Each structure stands twice: as C-alpha cells, then as structure tokens.
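Here is how the chains run, residue by residue.
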Amino acid sequence: MRNGTTIPSTVDDTRSGVSRRTLLGGSAAAAGATVAGLAAAQPAAAAPGSTSDLLKHLPPVGQIPRRSRLVDYEVSELIVLLRARKVTSVELTEAYLDRIARLNGPFEVYGDNGGYNAFVRIDRDGALAQAAAADRRLRTDRKAPPLCGIPFGIKDSIAIKGLEAKNGTHAYDGNLSHRDATLVARLRDQGAVIIGHTIASAFSGTIAGTFAGNAWKPRFIPGGSSQGSGVATAARLAAATIGEETGGSIIMPSAANGASAIKPSLGLVSTGGVMPLSPGYDVVGPIARSIRDASLVLAAILGPDPAPDPLTLSAPHPFPALPLAARNGRRPLTGTTIGIPQTDWMTRGGTGVAPAETYDGDYRAAFERFKAELVALGATVKEFPGLDVTVPENDPYFRTNERLPLPDGSVVSPATAVLSPNRYEIRYWQAVQAFAESHPANAEALTRQFGDFARATAAAGAIPTAVRDEGERRRRTLQANYQRALDEAGVDFMLVLPIGAQIGPRFGGTQLRNYRSFYQLPNALTWPMVTFPIGYDSTEGLPINAAFWGPRFSEPALIQAALDYQDRHPQHHRAAPPDPVFPPPQQAGRLAPVEETVPPELSNDPLVAEGAWS
C-alpha cells in the first residue's frame, strides 16, 4: 500500500478507517462512495469583499419587483428583503416546507414516489430552528453574512451532520454523517438554512434519471445525477441547491429543469465530505434560478481546504471576486469573443455533423435567437473548429484508443491510468467493503455495484507511478491542445447547448434524444461551465438551456457574460412552472421503487462511459 495518513471513518462501524495521500484526495470524503462526512470542515473562506460591499451590487428594496409568491423571489432579492425586515427566514423556510409537504411526496423513496420526489429526506425541525437563529442574527448583527436565512437543499451524496447520506440508493442505509461536508459547514457559517437532502441518481450514476419528476412536467426526466437539486430549485422547493458533478451531473439536471448553475473548475470548491466517484474529476457547485444567485453561493463556498481536499490548493487564492451585477450600457459584451465549437459533436448526427444541424426545431430557433441577442449585447459570436477529440493527434487522453502497457502484459487507457490510482489512494473500494461488512444487509447491493472489491483494489494498486505519470502528461497535453484551439481562433470562451432536442419521458421512451456526445470532456479538462435557460419548447413548455464553458478558473468571465444576458432577458430564468396535480397519497403509496437502468453512454462514471465509446 502507498504511504497514507489514517483518519477515522464516520460510518457507524467505528472499526473501519480510510487512508489518503497528502498529494491527492480530491474527494477525501469517504474514501469510496461510502461516507459523506469524513473530514472535519475547515474554517469558511470569506466571500470576496465585505457584506456591505456585496450589498452594493444588489438592488435596493424599493427596486425589487413584487412577486406573486414568496417562493418566487431570487436569493439576491431575499438577501435584501430579509435585511429590510420585509420577510423573516422562518416565514421563508415555512413557505418552502409547506410546498415540500404538498408537492414532494413520501421521503426515502428511490423511485417514483407519486410527487416531485426532489427531496429524499428533510430535517423540518432543524430547518425551522436554523431559520429562527438566522432571524436573531439578522436583528442583532448588521454585518450578518449574505446568505443568512436562505433555505438550501443539498445533494444526497454530501454530508449533513445528523442525516444519512445515501448517494441515491438504499445500499447506503445507515451511512450517518457525524460532520458536515466542508461546503455545508461554510453555508452554515453564513447562516444559511439547510432543509435536507435532494435526491440523487443511484450511485450518482446517470445523466438522465427517473427518481424525480421534471419541474415543468413531472412525467419527463429530471436529468442526473443531481436530479433533485435541479428540480427543487426550479419547482420552488428551495431557494437554491448544491449539486455534484463527475461528468454532467450538474449541467444536465440544470438544463433539463431550466435552472441556472455553475459547474466550477476542479479545485475551486472543496469536495471534503462528498461521496466520491472519480477524484480528479469530481466537483460541487450551486444550482439556482439566476446566475447572480449561483455566483453568490459559489462565492460563499469556494476557497482552500487543504487537509480534506489538497486539490483546492491549485486554485488562485484569493480567487478573483465573482461578478454579482450586470454591466452598464447597451453593449456590455463588447470585446468578448464567444466561439461555437463545430466539433463538439451531438449524439444525433454524430461525428462529422455540425452540432446546430442536429438540433430540433425549437432548439435551433432558440439557439439562433440567443446568438443574435449576444451579438446585440456587443459580443463577437463565431463558429470555430474547437478541438475534435476523435482525431488521435488532438487527444492523447480522453477519447483515444491508445493504451498504456502494464508490467504484467495487460494495458489500460490513459484515463484509467489516472483515475484508478486516484481511487486507490483514497481507499475507494476498501471503504465500500468496510461499510458492507458493517452493514450486512447492504452487502449484496454494494457488491453488485462495485464487483470484487479486492480484485479492483489490486488492479488499481498495480498501476506503476510511471504509467500514472504518462496518463497525467497526456491529460495536460489535451488541456494545452484545447487551449491552443481557443487561442488560435481568438476565442475567450465557448457556447454550446448541453441538450439539443426535447428531453424524453422518465419511463417507456428515449430519455435523452440528443445531447453532447462528450459531456464529460469539461471534467476531463478540469474546465468550468455555466448553464442557464434561453427559452422553452413549443409543445410541452420544457426549458431550453445554453452553456458557456472555457479555460480552468475562467468563472468570472463566464459568469459576467451570463449576468449581462440575464439582466437584459430576465423572462427565461424568472419563469415558474405551474404546480402539478399529483395523485392522492394513498395511490402514490402503491408505486414501487424502480431501479434505474443506466446504459453506459449515459453514465457519469468516466471509465464506464469510456467503455461505451470503445
């Protein structure tokens, strides 16, 4: 075994332990997808600027438009209203809890529960107590942090002290968190109200999802794997939520539900206390109704967290202040060049067909209108090749068919050479095995998911350092090649549609009819994305989202451009879905949980998806 530091596990079985190297550990949560609350949270990093500076970027109370319902106000507006005593956190939290009681359906159901099923468990009493404490803080502390009193939902793979974290499956029943994840601790330091866990896809395993109902039409897919986080925000069950992504898990549910979200660069936000899938790809980020709200949340949770997540040391510190307001003038995007990569292939049409040519009628119309709106705001929007990762000389890491030889004569892909040792170093399979042994009723399901724990551990541990280094070198080469493609075209960042056709039904049909073939590429590159709604389709009224993405730590530029757009075109992100009529609880109770069947091409696991491409 490689050298490591032993730290106590937080599963109920106190005999088990986990290990991680000090050079890695991007998920140091439960070394393996077992515990979500492994590492004690570090002190919160302050949001850029003081509270008074931040409030200068928010509208005065007199300029906040009157909403028909309390739950329709955006986070940025609620911050002002709470400080002006126009509303209390208790009133706000009760409004969300009442909607959860009316629309969510029964808890702890990984399947169709007859309601939205956005929240898989809540802490009602705890949330109300937190809200009351926030109100006291707001009354007595003129410098109370920005998010004080704001209700949040947290993905089911992230530790909330005192709650189980199950990562979308009863195979983790009993996985009680004894500490908050770092980002949850930072939200609590802000005075935020933690409502509970939003439902995740089973083992955070799919970009489609069936457990939750889409916020706009519950019979359609919610996206995955942060499906509950995408639904809860759009359906007005929480003011904002936190999602986690390894490959599409924030972007896809946000796009499916018309939310505004930020998938951060690797290392910007700590994954300490998050159940890992692929350390080195895993990131956590905000899902909200506006990019301004998402930026506020990201500012509160970013920052170094070296003990649980040394990858946070790779981000600039202090990180540049994140934008919170649109720029003035008719053409705020003047000087910005946005590129549309023509080789960012979609699944419909495939390699060789320009992405926009594959969009269905509504998506194509929204895309063309959106481009024109960006140009009207001063941006230069142009098509450029991008980097075709199906061309071998462009991509020696992500999509390559090349394999690296091992001493025993077998071979591994470059991505396996990177990700398997990362998992080995956090004792990924050993931790799952330890949990299974301490919870025998769960062992069969965990073995079915993870296979032979000992064999997987041995295979990952047998990858030599030289092979791993070659994999990392190839990953850096891919990053450099993609950056060169942007530089040669004079592109600041890129524009894509994550989904190119109306999403499908949860059951009995094609769940995703057209989407980015290489949805995991930004995670392989470590680059950020933001996504936000730009329209709605003409038949079902389902949202259509665009996404900006670009080089690592380019969040300020992506966020600013999205802010400028949403300020001039607010009708898309402020639209609210109609409340659905669900069957009576006695009928919903007859619905049996259904296991999610995940075809490899929809997997969030980069090594599973890689097998589908091969």
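Computed from a predicted structure; not experimentally measured.

### Focus on the overall build of the protein
Alright, step 1. Along the backbone of the protein there are 18 helices and 15 strands.
Alright, step 2. Taking all contacts inside the protein whose residues are at least 6 apart in sequence as the whole, residues at least 24 apart take part in 77%.
Alright, step 3. Here the protein has roughly 20900 Å² of accessible surface; of this, 53% comes from carbon and sulfur atoms.

### Topic: the pairing of strand β14 (residues 529-536)
Along a regular strand, successive side chains alternate from one face of the sheet to the other.
Alright, step 1. For β14, a buried count of seven out of eight residues is recorded, marking the element as mostly surrounded by other parts of the structure.
Alright, step 2. For β14 and strand β15 (residues 543-549), the ladder comprises seven bridges, and the chain directions are antiparallel. Along β15, the bridge assignment pairs G535 with I544.
Alright, step 3. Adjacent in sequence and paired antiparallel, β14 and β15 are bridged by six residues, among which G541 carries a positive phi angle near 75°.

### What to know about the side chain of S254
Alright, step 1. Relative to the assigned elements, S254 resides in helix α7 (residues 251-257).
Alright, step 2. A relative accessible area of 0% means that S254 is categorised as buried.
Alright, step 3. Filtering out sequence-adjacent residues up to four positions away, S254 remains in contact with A259, A261, I287, T531 and N545.

### Concerning the pattern of salt bridges
Alright, step 1. Within this structure, the stated rule accounts for 30 salt bridges.
Alright, step 2. The residue R69 makes a salt bridge to D579 at a minimum N-O spacing of 3.7 Å. Residue R69 is found in the loop between α1 (51-56) and α2 (75-83), and its partner D579 is found in the loop between α16 (555-568) and α17 (585-588); the two are separated by 510 residues along the sequence.
Alright, step 3. The exposure class assigned to R69 is partly exposed, which follows from its relative accessible area of 26%.
Alright, step 4. By relative accessible area, which is 31% here, D579 ends up partly exposed.

### Quick notes on the packing of aromatic side chains
Alright, step 1. In the structure shown here, the tally under the stated rule is 22 aromatic pairs.
Alright, step 2. Measuring from ring centre to ring centre gives 5.9 Å for F532 and Y565, while their planes differ by 40°; the resulting arrangement is tilted. With F532 in strand β14 and Y565 in helix α16, this pair connects stretches of sequence that are 33 residues apart.
Alright, step 3. Taken together, the aromatic side chains of Y172, F203, Y428, W429, F435, F450 and F453 make up a single cluster linked through ring pairs.
Alright, step 4. Residue placement shows R516 over the ring face of W549; its charged tip is 5.3 Å from the ring centre.

### Digging into helix α4 (residues 124-140)
Note on helix geometry: an α-helix contains 3.6 residues per turn, so any two residues three or four positions apart are oriented the same way.
Alright, step 1. The terminal C-alpha atoms of α4, which comprises 17 residues, lie 25 Å apart, in line with the 24 Å expected from a rise of 1.5 Å per residue.
Alright, step 2. The complete set of buried residues in α4 reads G126, A127, Q130, A131, A134, D135 and L138.
Alright, step 3. Buried-residue contacts for α4 involve α2, α3 (89-103), α5 (182-189) and β5 (193-198).

### What to know about the environment of R289
Alright, step 1. Mapped onto the elements of the fold, R289 is located in the loop between β8 (283-288) and α8 (291-301).
Alright, step 2. Separated by 215 residues in sequence, R289 and E74 have C-alpha atoms that sit 6.8 Å apart.
Alright, step 3. Leave out the neighbours within four places in its chain, and R289 touches V71, D72, Y73, E74, Y96, T233, R236, A238, A239, S260 and H573.
Alright, step 4. Of the polar contacts made by the side chain of R289, one reaches the backbone oxygen of Y73; its length is 3.0 Å.
Alright, step 5. One polar contact links the side chain of R289 to the main-chain carbonyl oxygen of T233, over a distance of 3.1 Å.

### Observations regarding the packing of helix α11 (residues 428-438) against helix α13 (residues 453-461)
Alright, step 1. At their nearest, the axes of α11 and α13 sit 8 Å apart, and the two run at 165° to each other. If you check the angle between α11 and α13, you find them roughly antiparallel. Of the two elements, α11 crosses α13, and the hand of that crossing is left-handed. Across the interface between the two elements, W429, Q430, V432 and Q433 of α11 pack against F453, A456, T457 and A460 of α13.
Alright, step 2. For the contact of α11 with α13, the residue count by class is five nonpolar, three polar and no charged.

### Observations regarding the environment of S229
Alright, step 1. Assignment of secondary structure puts S229 in helix α6 (residues 227-234).
Alright, step 2. Sequence spacing of S229 and T198 is 31 residues, and the spatial spacing of their C-alpha atoms is 5.5 Å.
Alright, step 3. A distance of 2.7 Å separates a polar atom in the side chain of S229 from a polar atom in the side chain of T198.

### A few points about the sheet that holds strand β6 (residues 240-245)
Alright, step 1. Spatially, eleven strands are ordered β3-β5-β4-β6-β8-β7-β14-β15-β13-β9-β10 in an open sheet, and the strand pairing comes out mixed. A single partner strand is all that each edge strand has here, and the edge strands are β3 (119-122) and β10 (380-384). Recorded for the sheet is a direction-independent mean angle of 30° between the axes of neighbouring strands.
Alright, step 2. For β6 and β8, the ladder comprises five bridges, and the chain directions are antiparallel. Paired with E244 across the bridge in β8 is V284.
Alright, step 3. Strands in contact with α16 are β7 (260-263), β13 (493-496), β14 and β15; relative to β14, the strand with the most contacts, it is inclined by about 20°.

### A short note on the nonpolar core
Alright, step 1. F152, L187, L374 and F548 are the most contacted members of the largest nonpolar core, which totals 149 residues.
Alright, step 2. Sequence-distant contacts of F152, that is, excluding residues within four places in its chain, are made with L147, L187, A192, V193, I194, I195, G196, A238, A240, T241 and V297.
Alright, step 3. By size, the runner-up hydrophobic cluster in this structure holds 18 residues, among which are Y428, F435, A456 and A460.

Here is what the cut-offs are and how they apply
- Residues numbered from 1 in each chain as written.
- Predicted model: local features only at pLDDT ≥ 70, side-chain atom pairs only at ≥ 80, totals over all residues.
- Heavy atoms only, no water.
- Helix = DSSP H or I, 4+ residues; strand = E, 2+ residues; numbered from the N terminus.
- Contact = heavy atoms within 4.5 Å.
- Areas by Shrake-Rupley, 256 points an atom, 1.4 Å probe, with all protein chains shown as cover.
- Buried < 20%, exposed > 50% of the residue type's maximum accessible area, 1.4 Å probe, protein only.
- Pairing = 2+ DSSP bridges.
- Salt bridge = Lys/Arg side-chain N within 4 Å of Asp/Glu carboxyl O.
- Phe/Tyr/Trp six-rings, centres within 6.5 Å; stacked < 30°, edge-to-face > 60°.
- Lys NZ or Arg CZ within 6 Å of the ring centre and 35° of its normal.
- Expected span 1.5 Å × (residues − 1).
- Polar contact = N/O pair within 3.5 Å; in protein donor to acceptor, adjacent residues only side chain to side chain.
- Axes fitted to C-alpha atoms, helices over the stretch in contact; angles between N-to-C directions.
- Parallel < 35°, antiparallel > 145°, perpendicular 65-115°, else oblique.
- Left-handed = near helix turned anticlockwise from the far one by under 90°.
- Nonpolar A, V, L, I, M, F, W, Y, C, P; charged D, E, K, R; others polar.
- Core = buried A, V, L, I, M, F, W, Y, C linked by side-chain atoms within 4.5 Å.

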